[in-house]
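A closer look at the structure
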Amino acid sequence: MQKLVATTLGLLFAHSAFADDLSLDVSDVLAGETLTVTVSGAAASETIYFTRGFTAGTGACPDILGGDCMSVTPTRLLVTSTADSDGVATASLTVPSAVPDGVTVYFQAVAARGADSAFSDVEMRVTGEVSTTGGPTTTTTGGPTTTGPSGLVVPETVYGTANRDDDDSDGTFDWLDVIADNDQAAFTINPDAAGATRGVAYHRLTLDDASGKTAIWVNGASERLLTPGSSGGSSASECVYDFSDYGSESCDTAWDEFGIDCATLESTYSWDCTGCVCPGDGGSSGGSGGGSGGAEPASSVTLPFSTDAIDLGAEFSDWRVTSALIVEELDASGATLSEQTIRLVSAPLILNHHLQEASFVVATELSGGWAGDNSEFTTPIADALGSSYGGVPGASYGSDVWIQDEFEFATSNAPGIYQDFIIDSIRDRGLDPWAENAVFGPDFGMGVWGSGWASSFDSFGNLEASPPVTVDGVEYPFGRVYWGENGSDGPTVALQSFLEAQEIQAPFNINTSWLAVGHVDEFVSFIPDASSAKGFKMVWSDIDMAYEILDGMSGSTSIPRYGSGHGYSTVAALRGDSALRSYNEDIRDVYLAPIKAVLFEKLGLTEADVINIPGMFEEAYGPYGAALVPGMANLVVVDLPGEPSRIFTADPFMRSSASASTATDPFATAFVDAMPAEHEVIFVDDWNDYHLLLGEVHCGTNVIRNQPNAWWADEAALSLLGE
Amino acid sequence: MTNLLITLSLVVTSSLAADALSDVKNQAASLDTALVSQLEQITPRTTRAGWLRYNDPTFLEPGAATWTLLELQLDDVAPEQRRALADALVRNLRNAPQIDLEAAWMQQIAQEADPVVRQVLIEGLRHATGPNALSALKTLLQHPDATSRAAAASTIGWRSDGAALNASLRTALGDQDASVRHLAARSLGYLGDVHAFEALEALLDDSDPMTRAAALQALRRVDAARAATLDLSDMRSDTDARVRAATVALDNTSP
């Protein structure tokens, strides 16, 4: 475990210890109507912060809480109010009319007193539900129910998600391991109150799941249903790493096929059996055991009739699973009196995009030693973000600064369930173990798709998601995924296939073959723009704009960074290199123009949706290009709740003195002038440790973002999923 | 045998280079020991593309070029580190040209066995200021390794005096290797060689799409008015997006 990151993330995820000294009351949450929140127990004239989140768990830890954290996540400040002389604070706000029903929302209030802050309990409400008792106290999936002719009431559809985090921190996925933090989709069957008079003697529940990727937990963990022949916890899909190229898909399949146990595979063959059950090791090496249900699971269970509700939980091992639970009423002879079917659906994995709130930013920190010191890069980020930033100790991770490339953050959520997720690239350079060491754990899942030789296209600066778009009438409420390729090579096919199977972000590719690194983040990005009808703008590296600025500068202007770094010591030398100009024109005409056309087509954009910023390229190796002027499109948007939106990007250093203000730099001012006013632009000196090594700010950072909207309550999302 | 001929050719065309590496080796003892000590402790960093690079500014010190040349002679340096050394050498001499070391640089190209290292050294010749760079590049257009020929074809186009080798580049348009044809076409466009028009036009039927696209861009550069008279209907429906895009660019810039 790496100390610095472990500490920082530990702070992020640790449950805060605090006294529940505030009493919070929350009215029903009904679309278009007034929501009233009231706190008592505060000090007179004290400011009370009312927050909300979509799940209960450690949330934001702003400095004003003196190290404590909120217990709703993602934490969003709703409103503040000042307590009256009786210590009561009340606030009202209108629930947006677009808020769908069935969304579980968690509320918490806090009086910020530093380390002595006073918190309320977390209150939960389900949008659209009218409560008579102050709100439900258990998590449900919400959604419509059906009542059969018998009076038996079941939900039509239950939405859950792949249980791929590690709530018990045992280093293995939770699927069939532990039930914690609502990782199973809870739902209820309400028996017919008159069932006994109709001769109902039993309820029979039968899981219909050809994929073997669904488990049903009955009345807690007392009974568990699995389809016979399914994994029962030994699925290869649980293993983090795919070793197909080395003879078997995983450690578990290697045991089945060759009788080689995990211990041998790890010690002799250097395989990593993380997440595997390891049946050949007596279940002691990597595995999750077989759940806590006791007896071997069956696909069906028969329960004596009772009018008490039957509490169930649906758990999935994978995304995009569709299965069913058949609920029958039986008479004393076992004959079926009625039958209803509940659809069981697991969530898609959704990649984050730049319009989602940020919750935590990471970067590799080099602090002396052979790899030098990159504090000029990390310090401005750390200073701006405070406790929402964490440094990864480079000395422990091979001084690998390209943290954007090793990991892609995503979310995997369902009603009442929220998991962050980290996709670990098969790139497998120095940072590779960081996901397991510092991230994989409670409410944070992890997965790897593909194996074997990795090209630069497998890095995740080459895997991005656009903001929500509408294309030819089709809404993509979670944006669209895109990656770069060269016609014959791209990200590993296993990952492409998986992302395509999610459907909700409909991936497409663009040609990045002309770049030495070959990543989509080298020339295009997206930023929020509140003034735009679409809510965002596409930021585009514009070569003509760069030359226009250069042509308007005094040729004698010295540009010392470019002198030592690129061989151009003055503006005149840079703009006067006719071959360089021709090279950039080629890139503009032959590559960037068609790429922009593809982005316009696939994202439904026009030039009005574009913010041009100056960008220039040079040959880095062979005919392949890299940013000559530090790539400012290679930016990162950090929109922390309750804080100004920040854009971190590379200082272009197109000025005589590196220490002079960026306000004197025409490239920097062009960037600032082009940005929507809502953003604070922070230029970062990435020159030596990133730019000269063919990367910029986005490449050197990564961002955990807050949960996007509820896909299960979004008609457009459900349509994309075929629901 | 062919390699030997190339080497000999280089040596013959550059009498300065003949003993240049020996001269460098003789300078080893006079190197600044403090600088050498610093350089020896610096480890190359991994670029985002995966290859190594010395990004430490110490490698831009004048004395560092001699040290990197000496390091390139050692047998126990890993290939990826030799590549980084070659890159560091090129960037050092780009920033502070040293004619005597340029001669050694070219001799290193001639004797270099690793094609990747050789490519880096050849591409660096765009910055060489000495009198033998052009003749070396001309010779390298005949190198048996296609990557080296392509690097030479590309590098000539980046040099302000590259037009002196237009005839050799025109010959390279008929190279059997597509990357050589592609980069020779590109360079002729960069250099504005009007005499290459017919040869470039002939490349519009080339089997390699990159070459077709480069030929279109070059035609536009060498004679836009004449290029506008060409029948490009096939190019507008070319199967390759890059060729179609280059055709659009030519259409948009036609008088």
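This structure is a prediction, so every number in the text was calculated from the model and none was measured. (Residues numbered from 1 in each chain as written. Chains lettered and ligands numbered in written order. Predicted model: local features only at pLDDT ≥ 70, side-chain atom pairs only at ≥ 80, totals over all residues.)

1. Points about the overall build of chain B
- What chain B contains, in helices and strands, is 16 helices and 2 strands.
- In terms of principal-axis extent, the alpha carbons of chain B reach across some 65 × 40 × 30 Å.
- In chain B, buried positions account for 51% of the 255 residues. (Helix = DSSP H or I, 4+ residues; strand = E, 2+ residues; numbered from the N terminus. Buried ≥ 20, exposed ≤ 12 C-beta atoms within 10 Å, placed from the backbone.)

2. Concerning the overall build of chain A
- Along its length, chain A carries 13 helices and 41 strands.
- The 723 residues of chain A split such that 56% are buried.
- When contacts within chain A are restricted to residue pairs at least 6 apart in sequence, long-range pairs at least 24 apart make up 70% of them. (Contact = placed C-beta atoms within 7 Å.)

3. Some remarks on the nonpolar core
- Counting 277 residues, the largest nonpolar core has Cys251 and Val539 of chain A together with Ala153 of chain B as its most contacted members.
- If you tally residues by element for this core, the top one is helix H11 (residues 578-603) of chain A, at 10 residues.
- Those residues within four positions of Ala153 of chain B in sequence are excluded, and the remaining contacts are Leu141, Leu169, Ala172, Val180, Leu183, Ala184 and Ser187 of chain B. (Core = buried A, V, L, I, M, F, W, Y, C linked by C-beta atoms within 7 Å.)

4. Notes on the sheet that holds strand E7 (residues 89-94) of chain A
All names here are of chain A.
- If you walk across this open sheet you meet the 3 strands as E1-E2-E7, and the pairing is antiparallel. Every interior strand has two partners, whereas the edge strands, strand E1 (23-26) and E7, have only one. Neighbour-to-neighbour, the strand axes of the sheet open up by a mean angle of 15°, direction not taken into account.
- Of the strand pairs in this sheet, E1 and strand E2 (residues 34-40) are connected by 4 bridges, and their pairing is antiparallel. The residue bridging Ser23 from the neighbouring strand is Ser40, located in E2. (Pairing = 2+ DSSP bridges. Axes fitted to C-alpha atoms, helices over the stretch in contact; angles between N-to-C directions.)

5. Notes on the confidence of the model for chain A
- Overall, the predicted model of chain A reaches an average pLDDT of 86, with 88% of residues at or above 70.
- Confidence drops under pLDDT 50 across residues 228-237 of chain A; counting only partners more than four residues distant or on other chains, this segment forms 25 contacts. (pLDDT = per-residue confidence, 0-100.)

6. So, unusual backbone geometry
Residues and elements named next belong to chain A.
- Even without being glycine, Ser45 reaches a positive phi, approximately 70°.
- Here Ser45 lies in the loop between E2 and strand E3 (47-53).
- Owing to 11 C-beta atoms within 10 Å, Ser45 belongs among the exposed residues under this scheme.
- Positioned with a positive phi, Asp443 is a non-glycine residue whose angle comes to about 60°.

7. Describing the interface of chain A and chain B
- Every contact between the two is made by 26 residues of chain A and, on the other side, 29 residues of chain B.
- At 7 residues, the largest contribution of residues to the side of chain A that touches chain B is made by H11 of chain A.

8. Some words on the pairing of strand E8 (residues 104-111) of chain A
All names here are of chain A.
- Of all 8 residues in E8, 8 are buried, a share of seventy percent or more.
- Going residue by residue along E8, you find Thr104, Tyr106, Gln108 and Val110 tucked away on one face and Val105, Phe107, Ala109 and Ala111 tucked away on the opposite face as well.
- Bridge count for E3 against E8 is 6 bridges, and the pairing is antiparallel. Each bridged residue has a counterpart across the sheet, and for Arg52 the counterpart in E8 is Phe107.
- Where E8 and strand E10 (residues 123-126) come together, 4 bridges link them in antiparallel fashion. For Tyr106, the partnering residue across the bridge sits in E10 and is Met124.

9. Quick look at helix H7 (residues 493-502) of chain A
Residue and element names in this part refer to chain A.
- Among the residues of H7, those classed as buried are Leu495, Leu499 and Gln502. Angularly, the buried residues of H7 cover 50° about the axis, an arc narrow enough to put them on a single face. For H7, the exposed residues lying more than 90 degrees away from the buried face are Val493 and Ser497.
- Those residues of H7 that are buried lie in contact with strand E31 (481-485).
- Glu503 sits one or two residues past H7 and shows a positive phi near 65°. (Arc of directions from axis to C-beta.)

10. Looking at the environment of Arg242 of chain B
- You can see Arg242 of chain B is positioned in helix H16 (residues 241-253).
- Separated by 10 residues in sequence, Arg242 of chain B and Leu232 of chain B place their C-alpha atoms 14 Å apart.
- The contact partners of Arg242 of chain B, leaving out residues within four places of it in the chain, are Val590 of chain A together with Pro209, Met210 and Ala213 of chain B.

11. Description of the sheet that holds strand E34 (residues 536-542) of chain A
Residues and elements named next belong to chain A.
- Across the sheet, 3 strands lie side by side as E33-E34-E35; this open sheet has mixed pairing. Every other strand in the sheet has two partners, leaving strand E33 (524-528) and strand E35 (610-614) as the edge strands with one partner each. Strand-to-strand twist in this sheet, taken as the mean axis angle between neighbours without regard to direction, amounts to 30°.

12. Quick word on helix H2 (residues 251-258) of chain A
All names here are of chain A.
- Buried within H2 are the following residues: Cys251, Asp252, Ala254 and Trp255. For H2, the buried positions fall inside an angular range of 160° around the axis, keeping them on one side.
- Buried-residue contacts for H2 involve helix H3 (262-268).
- After H2 finishes, the residue Gly259 shows a positive phi value of roughly 70°.

13. Things to note about the packing of helix H5 (residues 79-95) of chain B against helix H7 (residues 115-123) of chain B
Residue and element names in this part refer to chain B.
- The geometry of H5 relative to H7 is characterised by a closest axis approach of 9 Å and an angle of 10° between their N-to-C directions. Regarding the angle of H5 to H7, the classification is roughly parallel. Here Arg82, Arg83, Ala86, Asp87 and Val90 of H5 come into contact with H7, specifically with Val116, Val117, Val120 and Leu121.
- In terms of residue class, the contact of H5 with H7 is built from 6 nonpolar, no polar and 3 charged. (Parallel < 35°, antiparallel > 145°, perpendicular 65-115°, else oblique. Nonpolar A, V, L, I, M, F, W, Y, C, P; charged D, E, K, R; others polar.)

14. Examining the confidence of the model for chain B
Residue and element names in this part refer to chain B.
- For chain B, per-residue confidence averages 91 on the pLDDT scale, and 92% of positions sit at 70 or higher.
- Counting interchain partners and residues more than four positions distant, the pLDDT-below-50 stretch residues 11-17 has 19 contacts.
- Here the complex is predicted with pTM 0.80, and the ipTM for its interfaces comes to 0.94.

15. Quick notes on the packing of helix H13 (residues 209-222) of chain B against H16 of chain B
All names here are of chain B.
- Running from N to C, H13 and H16 point in directions that differ by 10°, and their axes come no closer than 8 Å. Put simply, H13 runs roughly parallel to H16. Here Pro209, Met210, Arg212, Ala213, Leu216, Gln217, Leu219 and Arg220 of H13 come into contact with H16, specifically with Arg242, Val243, Ala246, Thr247, Ala249, Leu250 and Thr253.
- Counted by class, the contact of H13 with H16 contains 9 nonpolar, 3 polar and 3 charged residues.

16. Some details on the environment of Gly130 of chain B
Residue and element names in this part refer to chain B.
- As for its placement among the helices and strands, Gly130 is situated in the loop between H7 and helix H8 (133-140).
- Assessed through the 21 C-beta atoms surrounding it within 10 Å, Gly130 is described here as buried.
- Gly130 sits 71 residues away from Glu201 along the chain, and the two C-alpha atoms are 34 Å apart.
- Apart from the residues within four sequence positions on either side, Gly130 is in contact with Ile99, Glu102 and Ala103.

17. Describing the environment of Glu464 of chain A
Residue and element names in this part refer to chain A.
- Tracing the chain through its elements places Glu464 in strand E28 (residues 463-465).
- The buried category is assigned to Glu464, around which 25 C-beta atoms lie within 10 Å.
- When the C-alpha positions of Glu464 and Leu35 are compared, they lie 36 Å apart, and in sequence the two are 429 residues distant.
- Leaving out residues up to four positions away in the same chain, Glu464 has contacts with Tyr482, Val520 and Asp521.

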